[in-house]
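Tertiary structure, described
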Amino acid sequence: MRMAIVTGASSGLGRALVDLLCQDPAYEQILLIARHPEEGIKRAARSSTALVPFCADLTDIQAIGRLEALLAQSSPDVRLLVNCAGFGKIGTWDGISAQDSAHMIDLNCRAPVLLTRAVLPYMQRGARILNICSTSAFQPFPYLNLYAASKSFLYRYSRALGFELRGTGISVTAACPYWLRDTAFIPTAQDTADSRYIRHFPFPSTAAQAARRILLDCGKRRAVSTPGWICSLHRVIAKVTPDALLMRLWNLLRRL
């Protein structure tokens, strides 16, 4: 059974990716991992691809164990793993609760690493790993500090893992999108004690636009996908500009 596995599959970018994957005959089955995976199934109800819900909160490490047991039972041919689940919070270091801070690290960092370890034994030559990072991975972001740091971790992990897997025929793509206006990310990020540190979110794209470009880049086995002109420009600028200057520029832009 040729399978794709998608986390965060019930909404936002994850759901947009599932919508596109349902149109790809390369996958006979898509495993939808989310706290409410039935939402993803409703959205793609007309697909001929078998959609299998897997209800899990990936901040709970026991969820990884349940997935490992499921994979061991069915021994699927996993052709694509998409680590899309994640969230961010806006605020100062002490304005974001300890619980939110811990959950951000668990979901954005620990979960994709453990999921990848669990799934890789079921991947063969030609399979792909797609990790949804963020353009914030390219530099430190005050007042989006922990989220940006967690995505930088995932970005660096993805690049190094891709290097380690050279010769296996398994590729790793780190996708680094900019703001998406039609997902729950921004409202969730603003739900803190004081979210005024970032006032506006200019030039956002949509989840569908980002998903199309990301899957195109992943299909081409590119190491990094920047789905939009802003994140593409940001990647270039971050390579040649010191972090201290980038943070000063960000401190000006965030107040606009």
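Structure first, text after, so check above.
Residues numbered from 1 in each chain as written. Predicted model: local features only at pLDDT ≥ 70, side-chain atom pairs only at ≥ 80, totals over all residues. Heavy atoms only, no water.

1. Observations concerning the nonpolar core
For clarity, the cut-off: Take the buried Ala, Val, Leu, Ile, Met, Phe, Trp, Tyr and Cys residues and link them wherever side-chain atoms come within 4.5 Å; each set so joined is a nonpolar core. For every residue, the accessible area (1.4 Å probe, protein chains only) is compared with the maximum for its type, and the residue is labelled buried under 20%, exposed over 50%, or partly exposed between those bounds. Secondary structure counts use DSSP, requiring at least four H or I residues in a row for a helix and at least two E residues in a row for a strand, with both numbered from the N terminus. Contacts: residue pairs with any heavy atoms within 4.5 Å of one another.
Counting residues in each nonpolar core, the largest one holds 57 residues, and the members touching the most others are Ile5, Ile33 and Leu58. Ranked by residues supplied to this core, first place goes to helix 4 (residues 98-119) with seven residues. Contact partners of Ile33, with chain neighbours within four places excluded, come to Ile5, Val6, Thr7, Gly8, Ala9, Phe54, Ala56, Leu58, Leu67 and Leu115.

2. Re the packing of aromatic side chains
Defined as follows: Aromatic rings from Phe, Tyr and Trp, taking only the six-membered ring of Trp, are treated as a pair when their centres fall within 6.5 Å; an angle between ring planes under 30 degrees marks them as stacked, one over 60 as edge-to-face, and anything in between as tilted. Only Lys NZ and Arg CZ are tested; either one counts as a charge over a ring when it is within 6 Å of the ring centre and within 35 degrees of the ring normal.
Scanning the entire structure with this criterion turns up nine aromatic pairs. Ring geometry for Phe138 against Tyr155: centres 5.4 Å apart, planes inclined by 85°, an arrangement best described as edge-to-face. A residue pair is termed long-range when its members are at least 10 positions apart, and Phe138 in the loop between strand 5 (128-132) and helix 5 (145-164) and Tyr155 in helix 5 qualify at 17 residues. For Phe138, a relative accessible area of 12% translates into the label buried. On the accessibility criterion, Tyr155 (5% relative accessible area) is buried. Plain terms: the ring middles of Tyr143 and Tyr197 are 4.5 Å apart, the flat faces sit at 5° to each other, and that makes the pair stacked. Of this pair, Tyr143 sits in the loop between strand 5 and helix 5 while Tyr197 sits in the loop between helix 6 (185-190) and helix 7 (207-219), and the two are 54 residues apart along the sequence. The class of Tyr197 is partly exposed, set by a relative accessible area of 24%. Three or more aromatic residues joined by ring pairs form one cluster here, namely Tyr147, Tyr178, Trp179, Phe185 and Phe201. Over the face of the ring belonging to Phe163 we find Arg166, whose NZ or CZ atom lies 3.7 Å from the ring centre.

3. Some remarks on the side chain of Asp217
Tracing the sequence through the fold places Asp217 in helix 7. With sequence-adjacent residues up to four places away left out, Asp217 is seen in contact with Thr173, Arg222, Ser225 and Thr226.

4. Description of the sheet that holds strand 1 (residues 2-7)
Strands in a sheet are paired, the pairing made by backbone hydrogen bonds, and the direction either parallel or antiparallel. How we decide: Whether two strands pair comes down to DSSP finding at least two bridges between them. Comment: axis = line fitted to C-alpha atoms, over the contacting stretch for helices; angle = value between 0 and 180 degrees taken between N-to-C directions.
If you walk across this open sheet you meet the seven strands as 3-2-1-4-5-6-7, and the pairing is parallel. Of all the strands in the sheet, the pair left with one neighbour each is strand 3 (50-55) and strand 7 (224-225). In terms of strand pairing, strand 2 (residues 29-34) meets strand 3 through six bridges, oriented parallel. Opposite Ile33, over in strand 3, you have Phe54 as the bridge partner. Sitting on the sheet, helix 1 (residues 12-21) is in contact with strand 1, strand 2, strand 4 (77-83) and strand 5, with an inclination near 165° to strand 1. The strands touched by helix 4 within the sheet are strand 1, strand 2, strand 4 and strand 5, with strand 4 carrying the most contacts at an inclination of about 175°.

5. Regarding the pattern of salt bridges
Which entries qualify depends on this criterion: One speaks of a salt bridge when a side-chain nitrogen belonging to Lys or Arg is within 4 Å of a carboxyl oxygen belonging to Asp or Glu.
Applying the stated criterion to the full structure yields six salt bridges. Between Asp77 and Arg79 there is a salt bridge, with the nearest N and O atoms lying 3.2 Å from each other. Each member of the pair Asp77 and Arg79 is classed as buried. Residue Arg110 pairs with Asp106 through a salt bridge whose shortest N-O separation is 3.9 Å. Of the two residues, Arg110 and Asp106 are both situated in helix 4; the distance of four residues between them amounts to about one turn of the helix. Via salt bridges that share partners, Arg213, Asp217 and Arg222 belong to a single interconnected network.

6. Some points on the packing of helix 3 (residues 62-74) against helix 4
We count it as follows: Each angle receives one of four descriptions, namely roughly parallel if under 35 degrees, roughly antiparallel if over 145, roughly perpendicular if within 65 to 115, and oblique otherwise. Two helices cross in a left-handed way if the nearer one is turned anticlockwise from the farther one by less than a right angle. They cross in a right-handed way if the turn is clockwise. Under this grouping Gly is polar, as are all residues other than the nonpolar Ala, Val, Leu, Ile, Met, Phe, Trp, Tyr, Cys and Pro and the charged Asp, Glu, Lys and Arg.
For the pair helix 3 and helix 4, interaxial distance at closest approach is 10 Å and the crossing angle is 15°. It follows from the interaxial angle that helix 3 and helix 4 lie roughly parallel. With respect to the hand of their crossing, helix 3 and helix 4 are arranged in right-handed fashion. Side by side, helix 3 and helix 4 meet where Ile64, Leu67, Glu68 and Leu71 of the first sit next to Ala111, Leu114, Leu115, Ala118 and Val119 of the second. The residue makeup of the contact of helix 3 with helix 4, split by class, is eight nonpolar, no polar and one charged.

7. Focus: helix 5
The cut-off we apply is this: Multiplying 1.5 Å by the residue count of a helix minus one yields the expected span of that helix.
Between the first and last C-alpha of helix 5 there are 29 Å, a value that for 20 residues agrees with the 28 Å anticipated at 1.5 Å per step. All of the buried residues in helix 5 are Tyr147, Ala148, Ser150, Lys151, Leu154, Tyr155, Tyr157, Ser158 and Leu161. Of the surrounding elements, those touching the buried residues of helix 5 are helix 4, strand 5, strand 6 (171-175), helix 6, strand 7 and helix 8 (229-240).

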